[in-house]
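# Report on the structure
The primary structure of each chain is shown beneath.
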Amino acid sequence: MVVQCLAVGLQFIHFVDMTRDGIGSMQHFEAGSILLAVSQVGFLSCIQLLARGWTVTTNKLSRKRFTICYSLGLTGCYVGVVAAEQFRDKSATNYMFDTVQGLLVILLLFYLLIHFWILTYRAWVY
């Protein structure tokens with residue numbers, strides 16, 4: 001929550017500067033984007049652990065490797081999106097999720113949504 005607030009605060013500084021000079025502070029915007037990605041990956045990892053029942057019992061956490069690999073894969077995709085955003089043509093009007101990495105992030109988030117529903121349903125049935 002603190003990281004999310006810090007990310008939004010940094011992006012807010014960029015937008016306030018943009019209203020003054022029309023350019024803004026790109027360092028604040030980029031740092032805010034990176035912190036926003038970090039907070040989203042952390043939140044999604046916590047949601048996945050919650051759906052697996054880790055908050056009920058910490059004795060046995062099933063499929064640890066999958067959870068860790070999924071979080072690392074999502075982090076790698078976010079790093080790819082940020083890198084693609086840094087090296088793209090600034091005059092292009094493409095959205096940052098128009099890249100291959102961005103589409104992969106969307107697919108991974110959609111998979112996590114379906115996976116979360118299945119795990120939640122399974123926890124509710126048992």
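Residues numbered from 1 in each chain as written. Predicted model: local features only at pLDDT ≥ 70, side-chain atom pairs only at ≥ 80, totals over all residues. Heavy atoms only, no water.

## A look at helix α2 (residues 26-51)
We count it as follows: A run of H or I in DSSP counts as a helix once it spans at least four residues, and a run of E counts as a strand once it spans at least two, with each numbered from the N terminus. A helix is expected to span 1.5 Å multiplied by its residue count minus one. Exposure categories follow from relative accessible area, calculated using a 1.4 Å probe and restricted to protein chains: below 20% of the type maximum is buried, above 50% is exposed, and the middle band is partly exposed. It only takes one pair of heavy atoms within 4.5 Å for two residues to be counted as in contact.
Along its 26 residues, α2 runs 37 Å from first to last C-alpha, staying within 8% of the 38 Å computed at 1.5 Å per residue. The set of residues buried in α2 consists of Gly32, Ala37, Ser39, Val41, Leu44, Ser45, Gln48 and Ala51. The secondary structure elements touched by the buried residues of α2 are α1 (2-21), α3 (64-87) and α4 (100-125). One or two steps after α2, the chain reaches Gly53, where phi turns positive at roughly 90 degrees.

## Points about the pattern of salt bridges
Our working rule: Between Lys or Arg on one side and Asp or Glu on the other, a salt bridge is scored when a side-chain nitrogen of the former is within 4 Å of a carboxyl oxygen of the latter.
In total, this model carries one salt bridge according to the counting rule given. Of the charged contacts in the structure, one is a salt bridge between Arg20 and Asp17, with a shortest N-O distance of 3.5 Å. One end of the pair, Arg20, and the other, Asp17, are both in helix α1, three residues apart, so they sit about a helical turn from each other. By relative accessible area, which is 67% here, Arg20 ends up exposed.

## Remarks on the confidence of the model for the protein chain
Detailed reading of the predicted coordinates is not advisable wherever pLDDT falls low. What counts is decided by this rule: Per residue, pLDDT captures the predictor's confidence, and it can take any value from 0 to 100.
For the protein chain, mean pLDDT is 79; residues scoring 70 or higher make up 89% of the total. Confidence scores differ between elements of the protein chain, with α3 showing the lowest mean pLDDT of 77 and α1 the highest of 89.

## Re the packing of aromatic side chains
Condition: The rule is short: rings of Phe, Tyr and Trp, with Trp giving its six-membered ring, pair when the centres are within 6.5 Å, and they are stacked under 30 degrees, edge-to-face over 60, tilted in between.
One pass over the structure, following the stated rule, counts one aromatic pair. On the basis of an interplanar angle of 75 degrees and a centroid distance of 6.0 Å, the ring pair of Phe15 and Phe29 is categorised as edge-to-face. With Phe15 in helix α1 and Phe29 in helix α2, this pair connects stretches of sequence that are 14 residues apart. You can call Phe15 partly exposed: its relative accessible area is 43%. Since its relative accessible area comes to 24%, Phe29 is described here as partly exposed.

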